[in-house]
Number of protein chains: 4
Amino acid sequence: MILEIEDRKTKQLPRGLMHANVFRAPGEFGLEEKVIPHAGPGEAVIQVRLTTICGTDIHIVRGEYSVKSGLTIGHEAVGIIHELGPGVHGYRIGQRVMTGAITPCGTCEACLSGGLSQCGGPLGGWKLGNTIDGTQAGYVLIPHAQANLAIVPDELADEQVLLLSDIASTGFAAAERGHIKLGDTVAVFAQGPIGLCATLGARLLGASQIIAVDPDPARLRVAASFGATSTLSPAPDLADQIRALTGGRGVDTAIEALGTQETFENALRSLRPGGTLSSVGVYHGDLNLPVDAVGAGLADHTIVTTLCPGGKERMQRLMRLVTAHRIDLTPLLTHVFELEDIRRAYELFSSRAKGVLKIAIKVS
Amino acid sequence: MILEIEDRKTKQLPRGLMHANVFRAPGEFGLEEKVIPHAGPGEAVIQVRLTTICGTDIHIVRGEYSVKSGLTIGHEAVGIIHELGPGVHGYRIGQRVMTGAITPCGTCEACLSGGLSQCGGPLGGWKLGNTIDGTQAGYVLIPHAQANLAIVPDELADEQVLLLSDIASTGFAAAERGHIKLGDTVAVFAQGPIGLCATLGARLLGASQIIAVDPDPARLRVAASFGATSTLSPAPDLADQIRALTGGRGVDTAIEALGTQETFENALRSLRPGGTLSSVGVYHGDLNLPVDAVGAGLADHTIVTTLCPGGKERMQRLMRLVTAHRIDLTPLLTHVFELEDIRRAYELFSSRAKGVLKIAIKVS
Amino acid sequence: MILEIEDRKTKQLPRGLMHANVFRAPGEFGLEEKVIPHAGPGEAVIQVRLTTICGTDIHIVRGEYSVKSGLTIGHEAVGIIHELGPGVHGYRIGQRVMTGAITPCGTCEACLSGGLSQCGGPLGGWKLGNTIDGTQAGYVLIPHAQANLAIVPDELADEQVLLLSDIASTGFAAAERGHIKLGDTVAVFAQGPIGLCATLGARLLGASQIIAVDPDPARLRVAASFGATSTLSPAPDLADQIRALTGGRGVDTAIEALGTQETFENALRSLRPGGTLSSVGVYHGDLNLPVDAVGAGLADHTIVTTLCPGGKERMQRLMRLVTAHRIDLTPLLTHVFELEDIRRAYELFSSRAKGVLKIAIKVS
Amino acid sequence: MILEIEDRKTKQLPRGLMHANVFRAPGEFGLEEKVIPHAGPGEAVIQVRLTTICGTDIHIVRGEYSVKSGLTIGHEAVGIIHELGPGVHGYRIGQRVMTGAITPCGTCEACLSGGLSQCGGPLGGWKLGNTIDGTQAGYVLIPHAQANLAIVPDELADEQVLLLSDIASTGFAAAERGHIKLGDTVAVFAQGPIGLCATLGARLLGASQIIAVDPDPARLRVAASFGATSTLSPAPDLADQIRALTGGRGVDTAIEALGTQETFENALRSLRPGGTLSSVGVYHGDLNLPVDAVGAGLADHTIVTTLCPGGKERMQRLMRLVTAHRIDLTPLLTHVFELEDIRRAYELFSSRAKGVLKIAIKVS
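Report follows, based on the coordinates.

Parameters and conventions
Residues numbered from 1 in each chain as written. Chains lettered and ligands numbered in written order. Predicted model: local features only at pLDDT ≥ 70, side-chain atom pairs only at ≥ 80, totals over all residues. Least-squares fit on C-alpha atoms with pLDDT ≥ 70 in both. Contact = placed C-beta atoms within 7 Å. Pairing = 2+ DSSP bridges. Helix = DSSP H or I, 4+ residues; strand = E, 2+ residues; numbered from the N terminus. Axes fitted to C-alpha atoms, helices over the stretch in contact; angles between N-to-C directions. Expected span 1.5 Å × (residues − 1). Buried ≥ 20, exposed ≤ 12 C-beta atoms within 10 Å, placed from the backbone.

In the superposition of chain C on chain A (RMSD 0.0 Å, axial shift 0.0 Å), the rotation amounts to 180°. As the rotation angle and translation indicate, the two copies are arranged about a two-fold axis. Judged by C-alpha distance, Gly106 of chain C is the residue of chain C that lies nearest the rotation axis, at 2.4 Å. Looking at the interface residues of chain C, 100% of them are also at the interface in chain A, so both copies use one shared face.

Set out below in C-alpha cells:
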C-alpha cells in the first residue's frame, strides 16, 4: 500500500532527507539518503510521484555509459512542484507537472535555433541522471524550470503521461524526422518501447503500410496493436522481404530503433531511392555503410539521427494527444514497483523476462 | 439491374457512340450521344465504370463557372483502359485504373518543380470537364496518360477509390498544406465532403484536438466519426468559442473548406499567432482581411490556398491508405444513380436533401 | 564632439540619472531625465552607445501606434554591459553587445516551438519601446538577457551592426520566409530601409532576377547597388510590366515592404501560380484580396506575414555575414545625430528629406 | 577553325553518319562512325555544338564504372534541335537548347513526387552516356524531350551554360540540400569542379563563413574567387582547424565533394551537433561512420546524398542565374578541344596537368 510506504518513509527519513537511486560504480547502485535539493534562480524542485527505468539507465549501472559516482539516476518524472526558485513565473507550489528527459535552457544559440536537445553543446540537453541528479528519488531539481515544467491536466493520470517524457517523445521523433508523407510506407526495425512508439508515430503521421520488425512475437503483437500492418522477424533476406511487401519499391522511410549495425544496414537496404533512414538507436560501435547500399552515394538518401526532443512545449503538445484520446501508452507499462524496490525493478527490466516493456516506479 | 441497362445501351447506341452528360447553356445540360474518343500520342481512353458529381459541376450547369457549350462534364473516374496511344508504356488494355481530377503533364516547368496542379499555367492541371471532355460519359480520353493512369489494386472496389480523385485529395491537401505538427490543434470550417476529408486528413496527420464547424448536425455527426474531437455550429462568437476550447491559444491550423468571407474570416480569427490558414474553398467574391485579424501584418501568419493535387503518384499513394485500412470513404457515398438518371442525381445533389453527401454514378 | 557631450552630460546629470527620449502624448515627446534601471533576475542593463529611429517610432510619436505615456521609445541598441542580474551567465560587465528589436524569453511555448517573435502572445516578442522602456536613452534594461545579449566581435564597428537589430533582420526575413529557391525571380515592393534589406536578402538567398519597385529614383539606385537587377516605378500596369520582365511567368516570390493595399495587391498580381507573397509591411487598414488575383482560391498561393525575428542567435548569425564581408549596411546610415538632438533627427526622418534612409543616434 | 572542321566532316562523313566517342572495353575507346539517331515518340535529336568530359567518363573508359560496349560516352550538351518526335510540342527545328546530364521522364512515380534523378528506379535519371548513347558525338537522341529540352537565351554563349548540365547542378545541389540558413557556416571538402560549384552554391545561398579544403593551392585560389572565406589544405587535425575557425562551434553544413572515406569522415567531424553533411561524392568503397563522430547516434545529424538534379525546369532556372550575372562558370573551362581530338582531351583531363579544371569539347 502506497500510504503505508509513505507513512514508513515519513518515519524513517529525517526531515530534509529523501531516498535516491544512486550510481556508485559499475554494477554498484541502489537507494541512499540524500538531502532534498533547493531551487536556485531559474530552478524548481519537484516531489516525484512516478518515474521509470530507461534502457540508458541499464547502461549506466553496468558502467557502459559513464556518469560520475554518486549521481542519482533517472530522467523521467511526474510530480508535484515543491519549490520554485527566483525568476520562475506562472507556476505555484503543489501543481502537478511533468518534465521531458531532455531539459533545454531555451536561451543558448542551439536552443534559439530549434536545436533544444543539443542545448549548450553535444547532447547538452540531457542533464537529468546524466550530468545532474536525476528522477529516481523523492525529489528532483529541475534546471531551466521556466522552459521545462509542463503542467499535467487534471483529467490525466500520472501513468498516462509518464512515458511521454522519453520513449514516446523519442519514438515519435523518429517518425517526425523521417519525412513521412501521407500514405507513405514505413519499416521500423526493433520493437522495444522506443520502436513501438516509432510504429505508433508512423501511424499518427499518416503512413499507410507500416512494417514492424522484431524477433519477439509478443512485441510484434503489441506492434500490430500500435499500427503495424505487417510484422516480420529478422532474417538474412529481411530487406528483400520488405522490398517484396512494398511491390519492389522499398520503403519511403526506414526507422532504426535499436542501435546495431545489423538493424541500421537492414534499414538502409530496405529504403527506396530518395528515401529517409531515421535513426534513434544508441550505437556502441562504428557504423558501416556498404557502398552498394548507398548507391555509391548517388541514391538521394537522407539519414537522420535524433536525440529525444524535450522542453515543456513538446510535453504539452504530446499530452494533448493523450487528452484527445489519440494515443494510450499505458499498455507499455507492464509492471509497477515502489521506489524501495527499484533494484528488483532493474533486475526485471534488464532480464526482459515476464513480457516486461516499461516499469512504473511509484515514489510518493 | 446494371446488366439490363448495359444491354439496353448496347441496343440503343450505334457502334462507336456513347452517352455523355453535356453542358449546353446555363441551366441546360443532359445526356447526349457522342463519338467514343480515340487516343493520340501520349493519350489513353478509359471506359468509365464509376464517376461522381462535384460541387463544381453544379456551378458549371448553373453557368456560374464558364465552360464551352458542348463540353462533357465530370472530372472523377474509375474505369477500364480501352485504348492506349503511341508512347504510353507499362499499361495494357483491360486494366482497371482511376485518374485524379487534375491530370498534369509532368513535363512542363510547373510540373517539374512540383506544381502539378498549375500545369502549364493558372489552374492548368484541371482539364477534365473543364477544358476537355470529362468523365460523365461512357468513355473518356485521358491526356498525359503516362502521368495519370493509376492502376487500382484488385482488392479494392470502385467505390473505395472513386473519391480519392478529387474530394479526398483536396481535403487531405488542406491538412497537408496546413503545417500540422504532431499534437497540433486544428479547426475545420464547413463539413461538406471536402471539409469532412480535411477533418479526416487532420486526424491522419497527427492533430490532437480537431474542431469541426458546420450548421448541419448530420454532417457534424459524420465529422465526429471522421476524427473531430469537438463540433460547433456557426455563431457570432465562433472564434471566441474556438479560442476557449484551445485554452485561449487559438488553433495552430485553421482550414477553410467552403469559400465564403465568413468562414475565411472565422478561420483567420481562430488562429494563434504564427498559425496557418489553409484554404481549399472556391471563392466567388473578393476576400477581406480585417487589419486586426492579421495583427496589422505582424502575426507571423501563413495563408495557403490549394487546388486539388493530381497525378498517378498521388492517386497510388492515397490508394495505399485504403489498402492499409487507414481510411474508408464509402460512408460519403450516400446515393447511387445510373448515368441514364444523371439529371435526377444533379437535382438531389443540388438540393442537399436526404442527407446526400456524394453520389456515385454507375456508367458500365 | 562626443567627448564634450559626455562631459556635459556628466556635469548635467545627477548620479544615477540618464537622458531618455520619452513619449508623453500624441505629438509630444522628447528628452527627459530618468533613473538608470537596475537588473533583476535574468535581466541586464546596457549603457547605450548607438541606437536609431524606426518608422514605427514615428507612428508612436504621432499617436498612430499606442504606447503608454512616459515610455522611453526605441528598440535598437549597441552598447556596453553595465549590470547583469542574477541568473545571467557567460557575460561580464563592460562587454560590447547588441540586441535585437525583438527580445524573446526563449522559454514560453511559442519560443520553444520556434515562434520567438510571438513570445508569450501576439507580437509579444516586441517589448523594447513598446511595452517596456526602450533604447533611445543612456541606459536600457534588457529582459531575458540570456536569450538576447549578442556579443559584438571586436573587429566590427557599432555602425556595422546597428541595423541588424531590426530592419536587416526584418528585410532578410521577408526573403527567408518567401521560399526563394536558387535561381528564382523576386519582386520587392517599396525600397525603404526594410525593402532595401529585402532586396539584399533576396540576393543573399540566390535569387536570379530581382525587380525592385519604388517611386523614388534615389532609393532605386540604392536598390540596384543592393542587388536589384531591374527597377520600376509604380504604375497602373505595374503587375503587367513585372509579368513581361519575367517572360510572362510572374515572379516566384513577391515581397511587400510598405503596408498598403496598393503594394499588397500589386505583389499578389505579380505572382506566378504557386508563388509566395511575403509581407513585412505594417498595415493600417483592412486588406482586400481580389477574387481574380487569388485565382478564386485555387492558385496554390502562399501568403506569409512576418514580424522581425530576434534573439541573440539571430543577431550572431547576421553579424557573421558582416564579418564575412557578405553584407555592408552602412550605406543605409545616411545621417548621424547625438541623443541630445534626437528631436531634430525625428524631424528629418519623418520628412524623408535630404536622401535620409536611416539615422544613427550616438548616445555615449 | 570550326568552319573548316565542319567542312571537313561534311566531306569525310557519308550522309546520315556522325562521329561518336565510343566505349569499347576498359582502356579502349575513341571516335567511331555511327548512324545519326532518329527521334521516336516523345524524343528529340540534337546536333551537338558543345560538350565536355566528366570525372565519371574517366571511370567509364577505365572500366571502373560499367557500361555496355559500343556506348557513346558523355552526358552534357548544348546544341541545335535537329529532329522532334511525335508528341513533342512547343519547340522547333533549329532552336538552340541544352539538356541536363539527368534526363527524367517527369511521369513516373519517382518523378511525380519530385525525385527526378531516381526516375524509374535507382539512378534511373542518368541515361545519357550510361544506359543510352551520350553526347560526345555529332548528334544525340534526347529521351523524354518534353521534360528535358531547355531553350538557351540568345544572349548566352554555349560556354556560359555548358557546365550547368552537370557539375553546377550537382555542386549547387550539394549546397541546396545542406539546409544552409542565412549566415550559416559551411565547409566544402575537395575543390574539384563540383566542389568549386558547391563553394559557389554555398555563397549563393547566403552562407557567411565558407571554408574550402583541397591540397591544390591553385584550386584553392579559384575557391577563394568563388566565395570561400578561408582555405585549408588537408591535415591530420583538419577537423580541429575547422572547429577553431568557427569559434569551437563546428560548421552548420559540411559538403563532401570527392567520394573518399577521408573527406567524408572529416566532413562528419567538422559538423556541429544538429548540422548537415551533404555528400555529392561518388564512393568506390564502404563508408565507415566512427561512433564518436556520430555522437553514438544522438547528435541530431542529417546526412544527405545527392545525384545531379536535371530536367528542363532546373536548367532554365540555373540559366537565369547566368543571365542575371549572378554566376560565371567560364573560368572553370580551362581548355578547349575539338571532338576529333577527344582522346587527347581525356589524357589531359585524367592527368590533372596544366591546371585543367574542365575541358570544352567543340563538336560543330
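This brings us to the sheet that holds strand S9 (residues 210–213) of chain C. With mixed pairing, 12 strands are arranged side by side in an open sheet as S10(B)-S9(B)-S8(B)-S11(B)-S12(B)-S14(B)-S14(C)-S12(C)-S11(C)-S8(C)-S9(C)-S10(C). The open sheet has two edge strands, strand S10 (230–232) of chain B together with strand S10 (230–232) of chain C, and neither has a second partner. Along the sheet, successive strands turn relative to each other by an average axial angle of 15°, direction set aside. Here 3 bridges tie strand S9 (residues 210–213) of chain B to S10 of chain B, and the two strands are oriented parallel to one another. For Ile211 of chain B, the partnering residue across the bridge sits in S10 of chain B and is Ser230 of chain B. The sheet contacts of helix H6 (residues 193–204) of chain B involve strand S8 (186–189), S9 and strand S11 (251–256) of chain B, and relative to S8 of chain B the element is tilted by about 170°.

Residue and element names in this part refer to chain B. In this model, H6 (12 residues) spans 16 Å end to end at C-alpha, consistent with the 16 Å of a helix rising 1.5 Å per residue. Taking burial as the measure, the 12 residues of H6 include 12 buried ones, the bulk of the element. When we look at burial in H6, the residues that qualify are Pro193, Ile194, Gly195, Leu196, Cys197, Ala198, Thr199, Leu200, Gly201, Ala202, Arg203 and Leu204. Residues of H6 that are buried in the fold lie against helix H5 (167–176), S8, S9, helix H7 (217–226), S11 and strand S16 (358–362). Gly206 occupies a position one or two residues after H6 and carries a positive phi of about 95°.

Here we have 12 strands laid out as an open sheet, ordered S10(A)-S9(A)-S8(A)-S11(A)-S12(A)-S14(A)-S14(D)-S12(D)-S11(D)-S8(D)-S9(D)-S10(D), and mixed in their pairing. Looking at which strands have only one partner, the edges of the open sheet turn out to be strand S10 (230–232) of chain A together with strand S10 (230–232) of chain D. Going across the sheet, the axis of each strand differs from the next one's by a mean of 15°, ignoring polarity. Looking at chain direction, strand S14 (residues 302–305) of chain A and strand S14 (residues 302–305) of chain D are connected through 3 bridges and run antiparallel. Residue pairing across strands places Val304 of chain A opposite Thr302 of chain D, the latter belonging to S14 of chain D.

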